[in-house]
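Notes for the structure review
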Amino acid sequence: MTVTTWCKLVINSFILLALLSKEGGAKTNSKNAVMEDVADFKDFKKLLRTKTNVLVLFVSGVKEAPVELKVFREAANAVRGTGTMVLIDCTQSERKKLCKKLKVSPNPYIFKHYKDGDFHKDYERQVTLSSMVNFMRDPAGDLPWEEDPVGADVLHFADYSSFQRHLRKDMRPMLVMFYVPWCGFCKRFKPDYSKAATELKGKNYVIAAMDVERTENAPARRAYNITGFPTILYFEGGELKRSYEGDNNKDGIVAFMKDPEAAPVQKEKEADWSSDPNSEIVHLTKQGFEPALKDEKSVLVMFYAPWCGHCKRMKPEYEKAAVIMKDRKIRGILAALDATKEKTIAEKFSVRGYPTLKYFVNGAFKFDVNVRDASKIVDFMADPKEPPPPPPPEKSWEDEENTEVLFLNEENFSTILKRKKHALVMFYAPWCGHCKKAKPEFNAAADELKDDPRVVLAAVDCTKHQSLCQSHGVNGYPTIIYFSYLKTKADYNSGRNSKDFVAFLTNPNLSASETVQIKHKADEL
C-alpha cells in the first residue's frame with residue numbers, strides 16, 4: 001500500500017467519524033461492550049426490536065454504583081454476541097424522561113432484563129461476573145446451583161481443568177454429583193445433597209458437584225462414561241473408587257461418606273435374591289465359587305449389591321435372559337454373587353462398582369462384559385466374544401510433536417501477541433469435530449510461515465482456559481481471531497485450508513487483515 005493511499009483512507013475515516021458524531025452516533029468504548037447511547041424512549045423501543053436479550057443497568061449517577069458498574073462492563077465483554085448490555089444514568093437530563101416513562105427509580109441502581117422486545121424480569125442474582133454471564137446465557141433458566149445459598153457448602157467445579165487440579169492436590173474422600181440443569185431427578189436430589197454437604201462441613205470430607213452440560217465440562221462425561229443423570233462417583237486419594245448407589249437422601253449420603261464400604265441402611269428389609277425359589281440364576285458363594293465354575297465352559301457372573309439401584313433394574317432382565325437361554329438351549333450359565341457378602345471374591349476380581357459382569361471359561365476369568373438388557377445378554381452368551389478394547393486416549397494437540405503452532409494461556413497470551421504484527425489464533429475444544437478437521441491445515445500453515453518472525457499461528461484450548469476464551473467472546477468452536485500487536489482484533493471468516501491461512505497473513509496487497517487494521521486505526525484516531 002502506498003503512503004498516498006494510506007493518507008486518503010485515514011482522511012476519509014476522519015470525515016466519516018465527524019459525520020457520525022454530528023448525527024449523534026453511538027458512544028464507543030474500546031474497553032467494554034456496554035451501550036450508553038440510548039437517550040429516549042424511541043431509541044429504547046428500537047433497541048428492543050433489534051435485540052432479543054438485553055440487560056439494562058439503571059443508575060442514579062455512575063459514581064453511585066462503582067462496583068456494580070465494573071462487573072457490568074466485564075460481563076458485557078464476556079457475553080458479546082450473546083446478549084446486549086445497556087447503561088442508563090437516570091440523573092442525566094435527557095434520560096430522566098426515559099426512566100420516568102419506564103417507571104424506573106434506581107436507588108442507587110437496578111438491573112432489568114428485556115427479552116424478545118418486552119420486559120422479562122428484574123435481575124436479582126448476585127452481582128458477580130459469573131452470575132451475570134450465566135444469567136445472560138440462559139435468562140429464562142433456573143438459578144444455577146452454585147449461586148443458590150442452600151448449596152453454599154457444595155464444592156462446585158467451574159470446569160474440568162479445576163476438577164483435575166483438585167484431584168491432584170486434595171486427597172480427602174470426595175463425592176461428586178455429575179448433573180445437568182434440566183434433569184428432574186437431579187433437581188429433586190439437590191436439596192438433600194446440599195444438606196449432606198452442610199452436615200459434613202469441616203469433617204474432612206468433600207461433597208462436590210459439576211454441571212456436565214457446560215461445554216468446558218464435556219471431557220468429564222467421556223472420562224467417566226457418564227450417560228445418565230445424576231451420576232455420583234466416590235473418589236479417595238485422588239482416584240475414582242466406586243459409584244454411589246445408596247439412598248438418594250441426606251442420611252444416605254452422610255452414612256456412605258462415613259463408611260463407604262458399608263451398605264446403606266434400608267428402611268425395609270428386602271428379600272434375598274439367592275433365596276428366590278423361582279430364580280433361574282446360579283447364586284455363588286465364596287466356598288462354591290471355584291467348584292461351580294471350573295467345569296463350565298461359559299459362565300457370566302453378575303457381581304451385585306442388594307441395595308444397588310442399577311442392580312435392581314437389571315435383575316429382572318438377567319432372570320429373563322436365563323429363561324430365554326434355557327428355552328433356546330443356549331449353552332452357558334448366568335450366575336450372580338452378592339459382593340457385599342463375599343468381599344474377598346469381589347476384591348480378587350477388582351470389582352469397584354455394581355453391577356459388574358465378568359465372563360469365565362472353566363473357572364478362568366477372561367474379560368469384563370457391558371450388557372444390561374435381556375436380549376443383549378442372550379446375544380452375548382450365544383456368541384461370547386471379547387469386546388474390542390477402548391481406543392487409546394487421543395493425544396492433545398499441545399502435546400503433538402512437529403507442530404509449529406504456538407499454544408497460549410492466560411499467562412503468555414498478551415506477552416506474545418503484543419510482539420506479533422500478524423497473529424491468527426484458533427480458540428478450540430479437543431472434542432470438536434470442526435476443530436479436528438481444521439487442525440492439520442492450521443499446522444501446515446504454521447509450518448510454512450515458521451521463519452517469519454512477524455507472524456504466528458497460535459491456539460487456545462478453551463476446555464483448559466475458559467476465562468481467556470470468554471474474554472474474547474468465544475461462543476463456538478473453532479473461533480479464529482486475527483490480532484495485530486494486540487491493538488487490532490477481528491474475526492477471521494475466510495477458508496480453513498492451509499492456503500487460505502497463509503494467503504490471509506501474507507498477502508502484500510490490501511488483504512482482509514490490512515483492511516481491519518485501517519478500520520481500527522481510524523477508529524482510534
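Residues numbered from 1 in each chain as written. Predicted model: local features only at pLDDT ≥ 70, side-chain atom pairs only at ≥ 80, totals over all residues. Heavy atoms only, no water.

Once that is clear, we can look at the confidence of the model for the chain. Averaged over all residues, the pLDDT of the chain is 85; the fraction at 70 or higher stands at 88%. In this model residues 1-30 is a low-confidence stretch, pLDDT under 50, and it forms 18 contacts with partners more than four residues away in sequence or in other chains. Note that pLDDT drops below 50 for residues 508-525; the model gives that stretch 31 contacts with residues more than four away or on any other chain. (pLDDT = per-residue confidence, 0-100. Contact = heavy atoms within 4.5 Å.)

What follows covers a positive patch on the surface. Residues Lys42, Lys45, Lys46 and Arg49 make up a contiguous surface patch of positive charge. Structurally, Lys46 is set in helix 2 (residues 41-50). (Patch = residues over 30% accessible without salt bridge, like charges linked within 9 Å, V, L, I, M, F, W, Y side chains within 5 Å. Areas by Shrake-Rupley, 256 points an atom, 1.4 Å probe, with all protein chains shown as cover. Salt bridge = Lys/Arg side-chain N within 4 Å of Asp/Glu carboxyl O. Lys, Arg positive; Asp, Glu negative; His and termini not counted. Charge placed at Lys NZ, Arg CZ, Asp CG, Glu CD. Helix = DSSP H or I, 4+ residues; strand = E, 2+ residues; numbered from the N terminus.)

This brings us to unusual backbone geometry. Apart from glycine, the bulk of residues carry a negative phi angle, and the bulk of peptide bonds sit in the trans form. Along the chain, Asn107 connects to Pro108 via a cis peptide bond; the corresponding omega equals 0 degrees. With respect to the helices and strands, the residue Pro108 is situated in the loop between helix 4 (93-101) and strand 3 (109-115). The residue after Tyr354, namely Pro355, is reached through a cis peptide bond having omega -10 degrees. Considering the arrangement of structural elements, one finds Pro355 in the loop between helix 12 (343-348) and strand 13 (356-361). Not every positive phi belongs to a glycine, and Lys103 is a case in point at roughly 60 degrees. Here Lys103 lies in the loop between helix 4 and strand 3. For Lys103, a relative accessible area of 76% corresponds to the exposed category. (Buried < 20%, exposed > 50% of the residue type's maximum accessible area, 1.4 Å probe, protein only.)

Taken together, the five strands give an open sheet; going across it, the order is 15-17-16-18-19, and neighbouring strands pair in mixed fashion. If you trace the sheet from one side to the other, it starts and ends with strand 15 (406-407) and strand 19 (488-491), each paired once. Set on the sheet, helix 17 (residues 498-506) makes contact with strand 16 (422-428), strand 17 (455-461) and strand 18 (479-484); between it and strand 16 the angle comes to about 145 degrees. (Pairing = 2+ DSSP bridges. Axes fitted to C-alpha atoms, helices over the stretch in contact; angles between N-to-C directions.)

The subject of this paragraph is the state of the cysteines. Within this structure, the stated rule accounts for two disulfides. Residue Cys90 pairs covalently with Cys99 via a disulfide, S to S 1.9 Å. In this structure the cystine formed by Cys90 and Cys99 twists about its S-S bond by roughly -85 degrees; its chirality is therefore left-handed. Cys90 gets classed as buried once you look at its relative accessible area, which sits at 12%. Owing to a relative accessible area of 3%, Cys99 belongs among the buried residues under this scheme. One disulfide bridge connects Cys462 with Cys469, the sulfur atoms lying 2.1 Å from each other. Handedness here is read from the sign of the S-S torsion; for Cys462 and Cys469, about -95 degrees, the answer is left-handed. Residue classification places Cys462 among the buried positions, given a relative accessible area of 2%. Residue classification places Cys469 among the buried residues on the basis of a relative accessible area of 3%. (Disulfide = S-S within 2.5 Å.)

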